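Listed below, chain by chain, are the residues.
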Amino acid sequence: MKSVSRWKTGAFAWLLLLPSLLFLFLFTFYPIAKTIRLSFYQADLASPEPVFIGLGNYSGLFADEVFVKVMSNNLLFALGTVPTSMALALLMAVFANKAMRGTGLMRTAFFYPTMIPMIAVANIWLFIYTPKYGLLSRAMTALGMGEINWLGSPDYVMWAMIAMMIWKEAGYFMIFYLAGLQNISPDLYESAQVDGVSRWTVFRKITFPLLMPTTLFVSIVALTNSFKLVDHLLVMTKGGPNNSSNLLLYYIYETAFGFWDQGVASALTVVMIAVLLLFAALNFLGLDKKIHYN
């Protein structure tokens, strides 16, 4: 009787999971498998039918100067946005967690950029960066600093994109840190206050270690976002000038729907998935041992 009851319970659980598993297979596993298969074929406008070429697409990628440039751009973009936006989010969460007047207004102000659609954000910052007429250009001229063509210069365009993305994402990550701070027991802070421990020591020895699970989650989300957020490129630069702001996902879009080369686009997609899995694994291996879950 126990085995029959256990079988019924297991069958009922699998039936409950079946719709989610079906959607996961149709919209995740099947497209990934199809993309991996297509990456081994030449499938472009010159090939009426896909032709199997093995690793030809991958070898062509690593010999492509544009691909190398795009990968270096994306790594710089990730290094510029992920640590800075996380640090700023933690700082904002600490301030927003304090019991003082205007806390609700402060939290709203910090989170507001997250609520704005990415296309609208791109248009706002396009106005800020516009030479001569833009807000930043006018401010620099008023201060006697001269003008910089932020979006038209290969030396500055990526830093302009990084600054915009930090402004956009920091408030989103703040919400997770704020939730983590509110789950820390106040008794720990009261004990530290009685012992006369400084605020910096409290943060370094109590707050930050107990926020490590949140930090692990936020770091993976931030890293993923640094590879998938490309809406702004369609509005602001289209990857220019000279591919100086081009990122991997936009390059995939351009290859698939601009050049209609589905084979190379599939290979690029596989490379992106592999890079994200590698970074996620390194995050887990590097941070998981330092995490306090209790």
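Read on for an overview of the structure. (Residues numbered from 1 in each chain as written. Predicted model: local features only at pLDDT ≥ 70, side-chain atom pairs only at ≥ 80, totals over all residues. Heavy atoms only, no water.)

Brief notes about the overall build of the protein chain
Thinking step 1. A count of helical and extended segments in the protein chain gives 13 helices and 2 strands.
Thinking step 2. In terms of overall dimensions, the protein chain is more spread out than a globule: its C-alpha atoms have a radius of gyration of 24 Å, far above the 19 Å expected for 294 residues.
Thinking step 3. Counting only C-alpha atoms, the protein chain reaches 85 × 75 × 30 Å along its principal axes.
Thinking step 4. Within the protein chain, the proportion of its 294 residues that are buried is 39%.
Thinking step 5. Element-wise, carbon and sulfur atoms account for 69% of the exposed surface of the protein chain, whose accessible area totals about 17,600 Å².
Thinking step 6. One finds the centroid of the 19 positive side-chain charges in the protein chain at a distance of 12 Å from the centroid of its 14 negative side-chain charges. (Helix = DSSP H or I, 4+ residues; strand = E, 2+ residues; numbered from the N terminus. Rg over C-alpha atoms; globule rule 2.2 N^0.38 Å. Buried < 20%, exposed > 50% of the residue type's maximum accessible area, 1.4 Å probe, protein only. Areas by Shrake-Rupley, 256 points an atom, 1.4 Å probe, with all protein chains shown as cover. Lys, Arg positive; Asp, Glu negative; His and termini not counted. Charge placed at Lys NZ, Arg CZ, Asp CG, Glu CD.)

Focus: the packing of helix 3 (residues 65–96) against helix 4 (residues 103–115)
Packed helices, taken two at a time, are described by their axes: the angle between them and the distance between them.
Thinking step 1. The geometry of helix 3 relative to helix 4 is characterised by a closest axis approach of 9 Å and an angle of 160° between their N-to-C directions. When the axes of helix 3 and helix 4 are compared, the pair comes out roughly antiparallel. Of the two elements, helix 3 crosses helix 4, and the hand of that crossing is left-handed. Each of Met92, Phe95 and Ala96 in helix 3 lies in contact with helix 4, whose residues at this interface are Thr103, Met106, Arg107 and Phe110. (Axes fitted to C-alpha atoms, helices over the stretch in contact; angles between N-to-C directions. Parallel < 35°, antiparallel > 145°, perpendicular 65-115°, else oblique. Left-handed = near helix turned anticlockwise from the far one by under 90°. Contact = heavy atoms within 4.5 Å.)

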